[in-house]
Amino acid sequence: ALDEFKRTEAELSTKIASNISYLKALKFEDYKEHKIGDITKIIFALKEKNDSTERQYKILNSDITDIDKTIASQKTSVDSLLKRIKITKDIVSELTNDMESKLYSEGYESAKSVEDILSQKIDVAKERAVINKFTIEFETLKNQIKDLEDKLAKEEYDNSKFEEQEIAWHTSKHKLDESNNRMIKLKSDLERLNKLLAEKKELIKEQELLSKRADNLRIMTNLFKAQGFVQYVSSIYLAQLCDHANERFRRMTRNQLRLQINENNDFEIVDYLNEGRSRSVKTLSGGQAFQVSLSLALALAESVQTNAKADKNFFFIDEGFGTQDSDSVNIVFETLLNLNKENKIVGIISHVEELKERIPMTLTVIKDQERGSLIR
């Protein structure tokens, strides 16, 4: 406002100086040679110019009056602003002192240290996450405190109960210490036992190796006693024969029975209908005994065929079907038919009519009173 006032004052001074140059005095000598008409025109022109100047003077005078009013108003505003500036400076000074005092009480040396802190680069997202977490935990804690206050609102402090609880706490702490000590001892015992167990496992492995070596030595010793080697080889061959026979025997018995060799190289039957217990082959029925014999015979025939490297082998089955039920006969007969696909020729001697009807090629022996036995 003060600058505006000075600028307006300078403009007015310039205009006044310019208008003064237009004022001049009229002299008779300058017009004595002029005619009355010319002088009249000059007078008229001067009057017009004077009127124009008077009008401009009034306008300028009015402008000056308005400017004086404006200047007075601006001076008032300037004075008011100067007062407000002084008041503001006082407030700023007071706030600065107050701020420095509070910063010092909070552990900051000056406002510069705060500015340095604020100028640091901060991960806003990370800090916001920390603040949110703190806010949630704070609100949770407030709710817990409120719940505890609500629970304790109706409770009364009883020193005797507190002492009882304190004694109980010390007792529990003593028991806990004893338990910790016992746990440490048990942990030490466990480590010791684990170490002993590991040593035992190593000893067991060594024992197994030694036992296996002892068994091998025992077998070697028995092999070179009398017929030991022959018995050893025959037991292995018999076990293989039993395994091959089981392939057909289990199918014939519908997986109800299995053939096995015991320690004395005798045949036994594993009965799966009796919890897999073993029993003697003498307990088998006539039909089951025939199935065992047939399975062993077929396995033996296959072994002979393999050792002889023959394309085909031939053997007879003499009777044995009379003790079979119809289902068993079907299973046995299907087994025999499948032997043809394995390059085996089977001859069956039987009086069972049902079986004779199913055999594709037969030789029938007829007893004649005069000529003896006839073959058809």
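Thresholds, definitions, all that
- Along each chain, numbering runs from 1 in the same order as the chain's sequence is written.
- Predicted model: local features are reported for residues with pLDDT of at least 70 only, side-chain atom pairs are reported and counted for 80 or more only, and whole-chain, interface and lining totals are derived from all residues.
- Calculated side-chain values reflect all of the structure's heavy atoms, with hydrogen atoms and water omitted.
- Secondary structure elements follow DSSP: runs of H or I of four or more residues count as helices, runs of E of two or more count as strands, with numbering from the N terminus.
- For every residue, the accessible area (1.4 Å probe, protein chains only) is compared with the maximum for its type, and the residue is labelled buried under 20%, exposed over 50%, or partly exposed between those bounds.
- By definition in these notes, contact holds between two residues if any of their heavy atoms fall within 4.5 Å.
- Salt bridge, as used here, is a side-chain nitrogen of Lys or Arg placed within 4 Å of a carboxyl oxygen of Asp or Glu.
- Paired strands, in this sense, are two strands between which DSSP finds at least two bridges.
- Each axis is a line fitted through C-alpha atoms, and for a helix only the stretch in contact is used; angles between axes span 0 to 180 degrees, taken between their N-to-C directions.
- Distance thresholds for patches are 9 Å for like charges and 5 Å for nonpolar side chains (Val, Leu, Ile, Met, Phe, Trp, Tyr), applied to residues having over 30% relative accessible area and no salt bridge.
- All accessibility values rest on the Shrake-Rupley procedure with a 1.4 Å probe; residue burial counts only the protein chains present in the view.
- For a helix, the expected span equals 1.5 Å multiplied by the number of residues minus one.
- The predictor rates its confidence in each residue with pLDDT, a number between 0 and 100.
- Pairing of aromatic rings covers Phe, Tyr and the six-membered ring of Trp, with a centre-to-centre limit of 6.5 Å; geometry is then stacked below 30 degrees between planes, edge-to-face above 60, and tilted otherwise.
- Charge counting follows a simple rule: Lys and Arg are positive, Asp and Glu are negative, and His as well as the terminal groups are ignored.
- In plain terms, the charge of a residue is placed at NZ if it is Lys, CZ if Arg, CG if Asp and CD if Glu.
- Nitrogen and oxygen atoms within 3.5 Å of one another constitute a polar contact, given that in protein one can donate a hydrogen and the other can accept it, and given that sequence-neighbouring residues count only through two side-chain atoms.

## What about the overall build of the chain?
- The helix and strand inventory of the chain stands at nine helices and seven strands.
- Out of the 376 residues belonging to the chain, those deemed buried represent 14%.
- Long-range pairs, those at least 24 residues apart, make up 49% of the contacts in the chain between residues at least 6 apart in sequence.

## A few points about the environment of Leu 339
- Within the secondary structure layout, Leu 339 lies in helix H8 (residues 326-340).
- Setting aside its immediate chain neighbours within four residues, Leu 339 contacts Arg 248, Leu 298, Phe 315, Lys 344 and Val 346.

## A closer look at the environment of Leu 337
- Within the secondary structure layout, Leu 337 lies in helix H8.
- For Leu 337 and Ile 359, which are 22 residues apart along the polypeptide, the C-alpha to C-alpha distance reads 9.2 Å.

## A look at unusual backbone geometry
- A positive phi is found at Arg 254, a non-glycine position, where the angle reads about 55 degrees.
- Of note, Arg 254 is situated in the loop between helix H6 (228-252) and strand E1 (257-261).
- The backbone phi angle of Glu 275 is positive, close to 60 degrees, even though this residue is not glycine.
- Topologically, Glu 275 is positioned in the loop between strand E2 (267-271) and strand E3 (277-280).

## Some thoughts on the pattern of salt bridges
- Applying the stated rule across the entire model yields 11 salt bridges.
- A salt bridge links Glu 54 to Lys 58, with the shortest nitrogen-to-oxygen separation between them at 4.0 Å. Residue Glu 54 and its partner Lys 58 are both found in helix H2 (residues 36-105); the two are separated by four residues, about one turn of the helix.
- Given the relative accessible area of 53%, Lys 58 is considered exposed.
- With a closest N to O distance of 3.9 Å, Arg 192 and Asp 189 form a salt bridge. Separated by three residues within a single helix, Arg 192 and Asp 189 lie in helix H5 (residues 159-223), roughly one turn from each other.

## A word on the sheet that holds E1
- Taken in spatial order, the three strands of this open sheet run E1-E2-E3, and their pairing is antiparallel. Whereas interior strands pair on both sides, the edge strands pair on one side only; in this sheet they are E1 and E3. Neighbour-to-neighbour, the strand axes of this sheet turn through a mean angle of 40 degrees, independent of strand direction.
- Strand direction decides the pairing type here: E2 and E3, joined by four bridges, are antiparallel. Along E3, the bridge assignment pairs Asp 271 with Arg 277.

## Focus on a nonpolar patch on the surface
- A cluster of nonpolar side chains, contributed by Ile 219, Phe 229, Tyr 232, Val 233 and Ile 236, occupies part of the molecular surface with about 420 Å² of accessible area.
- Per-element accounting of the nonpolar patch gives the leading share, four residues, to H6.
- In this structure, Phe 229 sits in helix H6.
- Judged by its relative accessible area of 48%, Phe 229 is partly exposed.

## Let's talk about helix H7 (residues 286-308)
- With 23 residues, H7 should reach 33 Å at 1.5 Å per residue; the first-to-last C-alpha distance of 32 Å fits that figure.
- Where H7 is concerned, the buried positions are Gly 287, Phe 290, Gln 291, Val 292, Leu 294, Ser 295, Leu 296, Leu 298, Ala 299, Ala 301, Ser 303 and Gln 305.
- Where H7 terminates, the next one or two residues include Lys 309, which has phi positive at roughly 55 degrees.

## Comments concerning the confidence of the model for the chain
- For the chain, per-residue confidence averages 81 on the pLDDT scale, and residues scoring 70 or more make up 89% of the total.
- Averaged over each element, pLDDT in the chain is lowest for helix H1 (residues 2-20) (67) and highest for E2 (91).

## Structural notes on the pairing of strand E4 (residues 313-318)
- Alternating residues of E4 divide into Asn 313, Phe 315 and Ile 317, all buried, and Phe 314, Phe 316 and Asp 318, none buried.
- For E4 and strand E5 (residues 344-349), the ladder comprises six bridges, and the chain directions are parallel. Looking across to E5, one finds that Phe 316 is bridged to Gly 347.

## What to know about the packing of aromatic side chains
- With the rule as written, the count across this model stands at one aromatic pair.
- On the numbers, 5.9 Å between centres and 15 degrees between planes, the contact of Phe 134 with Phe 138 is stacked. A residue pair is termed a helical-turn pair when its members lie 3 or 4 positions apart in one helix, as Phe 134 and Phe 138 do in helix H4 (residues 124-153) at four residues.
- Here Phe 134 falls in the exposed class, since its relative accessible area comes to 53%.

## Description of a negative patch on the surface
- A surface patch of negative charge is lined by Glu 155, Glu 156, Asp 158, Glu 163, Glu 164 and Glu 166.
- Tracing the sequence through the fold places Glu 166 in helix H5.

## Quick word on the side chain of Thr 253
- Turning to its location among the elements, Thr 253 is positioned in the loop between H6 and E1.
- Since its relative accessible area comes to 8%, Thr 253 is described here as buried.
- In this structure the side chain of Thr 253 is engaged in a polar contact, spanning 3.0 Å, whose partner is the backbone oxygen of Phe 249.

## So, the pairing of strand E6 (residues 365-368)
- Alignment of E6 against strand E7 (residues 372-375), held across four bridges, turns out to be antiparallel. Looking at E7, one finds that Val 365 is bridged to Ile 375.
- Count of turn residues in the E6/E7 antiparallel hairpin: three residues.

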